[in-house]
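Next come the chains, spelled out residue by residue.
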Amino acid sequence: AQTVTQSQPEMSVQEAETVTLSCTYDTSESDYYLFWYKQPPSRQMILVIRQEAYKQQNATENRFSVNFQKAAKSFSLKISDSQLGDAAMYFCASSNSGYALNFGKGTSLLVTP
Amino acid sequence: DTGVSQDPRHKITKRGQNVTFRCDPISEHNRLYWYRQTLGQGPEFLTYFQNEAQLEKSRLLSDRFSAERPKGSFSTLEIQRTEQGDSAMYLCASSLWGGDTEAFFGQGTRLTVV
């Protein structure tokens, strides 16, 4: 079984600043995938970034990047140059080779002007 | 294609009634997932289909829950004899087969059992 833990229920960042959201996971699988999803208020969940566990290089998508520490089973999300539109719930998730996603409890990100 | 569509968006029902939700996935996606999300929690996996085959249903919350995907297109999730604890957001997602493929989510159906 896979478990995902997000220890920060809420985070706050000022516009244009950088924020890091934490995530740890536990799995016995050797082949797995990690994701960060964003859920804006009353809107559907969208994928922010993904990481294949066999890749050592950290994934980046524009202002979003991850710090993947496989031995520590840590997968944090860094948002640079934060924008008001980044305010949302952020969920860390894992999956085994196409199986369903296992989500953490989420981190609510507040962006202040 | 406008993405994953769920209907209805909101449902209020009396305890003991049956409810059915519909999900229309992105047309070329062969995988379809159902999740439940309660307040303050992340989505919890319920079941999934590859085409018309239901490949995992042991995570359905009780035998009151059932899902179908006839002909591998749209899917329905039915809850029989609803209870107040069934109140939640029910999310549908679809994807192509593959470990790292992106799952696209619908906006969900919010169920309130009174």
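Coordinates for the structure precede this section.
This one's a predicted model, so the numbers in the text were calculated from it and none came from an experiment.

### Overview of the nonpolar core
In terms of nonpolar packing, the biggest core is built from 24 residues, with Trp-36, Phe-75, Leu-77 and Tyr-90 of chain A touching the most fellow members. If we skip the residues at most four places from it in the chain, Phe-75 of chain A touches Cys-23, Tyr-25, Leu-34, Phe-35, Trp-36, Gln-51, Val-66, Asn-67, Phe-68 and Cys-92 of chain A.

### Thoughts on the pairing of strand β7 (residues 65–68) of chain B
Residues and elements named next belong to chain B. Going residue by residue along β7, you find Phe-65 and Ala-67 tucked away on one face and Ser-66 and Glu-68 left uncovered on the opposite face. Pairing analysis gives 4 bridges linking β7 to strand β8 (residues 75–79), with the strands arranged antiparallel. Opposite Phe-65, over in β8, you have Ile-79 as the bridge partner.

### Some words on the layout of surface pockets
Estimates place the volume of the largest pocket at around 470 Å³. Along its surface, the largest pocket is lined by 25 residues, and Gln-39 of chain A together with Gln-37, Leu-39, Met-89 and Arg-110 of chain B are the ones closest to its centre. Elements supplying a minimum of two residues to the lining of the largest pocket: β10 (88–95) of chain A together with β9 (88–95) and β11 (109–113) of chain B. Tallied by class, the residues present in the lining of the largest pocket amount to 9 nonpolar, 12 polar and 4 charged. Within this model, the second largest pocket holds a volume of roughly 210 Å³. Lining the second largest pocket are 14 residues, with Asn-102 and Phe-103 of chain A together with Gly-42, Pro-43 and Glu-44 of chain B sitting closest to its centre. For the lining of the second largest pocket, the elements supplying multiple residues, two or more each, are β1 (3–5) and β11 (102–103) of chain A together with β5 (44–50) of chain B. Residues belonging to the lining of the second largest pocket are distributed by class as follows: 5 nonpolar, 6 polar and 3 charged.

### Considerations on the state of the cysteines
Disulfides are covalent bonds that link the sulfur atoms of two cysteine residues. Within the structure shown, the criterion is met by 2 disulfides over all chains. Disulfide pairing is shown between Cys-23 of chain A and Cys-92 of chain A; the S-S distance is 2.0 Å. The disulfide joining Cys-23 of chain A to Cys-92 of chain A has a torsion of about -70° about its S-S bond and is therefore left-handed. Of this pair, Cys-23 of chain A sits in the loop between β3 (19–21) and β4 (24–26) while Cys-92 of chain A sits in strand β10, placing them 69 residues apart in sequence. Taken individually, Cys-23 of chain A and Cys-92 of chain A each receive the classification buried, so the pair is uniform in this respect. Disulfide partner of Cys-23 of chain B: Cys-92 of chain B, at an S-S distance of 1.8 Å. On the sign convention where negative is left-handed, the bridge of Cys-23 of chain B and Cys-92 of chain B, at about -70° about the S-S bond, is left-handed.

### A short note on the interface of chain A and chain B
Across the contact, 22 residues belong to chain A and 23 residues belong to chain B. Roughly 1,800 Å² is buried in total at the junction of chain A and chain B, and carbon and sulfur atoms are behind 50% of that figure. The interface formed by chain A and chain B includes 1 salt bridge. The partner of Glu-102 of chain B in a salt bridge is Arg-50 of chain A, with the nearest N and O atoms 3.8 Å apart. At the junction of chain A with chain B, the criterion picks out 3 residue pairs in polar contact (both at pLDDT 80 or more). Looking at the side of chain A that touches chain B, the elements that each hand over two or more residues are β5 (33–39), β6 (46–52), β10 and β11 of chain A. With 4 residues, β5 of chain A is the single largest residue contributor to the side of chain A that touches chain B. Split into classes, the residues belonging to the side of chain A that touches chain B amount to 10 nonpolar, 8 polar and 4 charged.

Rules and cut-offs
- Residues numbered from 1 in each chain as written.
- Chains lettered and ligands numbered in written order.
- Predicted model: local features only at pLDDT ≥ 70, side-chain atom pairs only at ≥ 80, totals over all residues.
- Heavy atoms only, no water.
- Core = buried A, V, L, I, M, F, W, Y, C linked by side-chain atoms within 4.5 Å.
- Buried < 20%, exposed > 50% of the residue type's maximum accessible area, 1.4 Å probe, protein only.
- Contact = heavy atoms within 4.5 Å.
- Helix = DSSP H or I, 4+ residues; strand = E, 2+ residues; numbered from the N terminus.
- Pairing = 2+ DSSP bridges.
- 1 Å grid on protein atoms, 1.4 Å probe; cavity = no way out; pocket = protein on both sides within 12 Å on 5 of 7 lines; lining within 4 Å.
- Points joined across faces, edges and corners; volume = space filled by probe spheres on them.
- Nonpolar A, V, L, I, M, F, W, Y, C, P; charged D, E, K, R; others polar.
- Disulfide = S-S within 2.5 Å.
- Buried area = accessible area lost by both parts, 1.4 Å probe.
- Salt bridge = Lys/Arg side-chain N within 4 Å of Asp/Glu carboxyl O.
- Polar contact = N/O pair within 3.5 Å; in protein donor to acceptor, adjacent residues only side chain to side chain.

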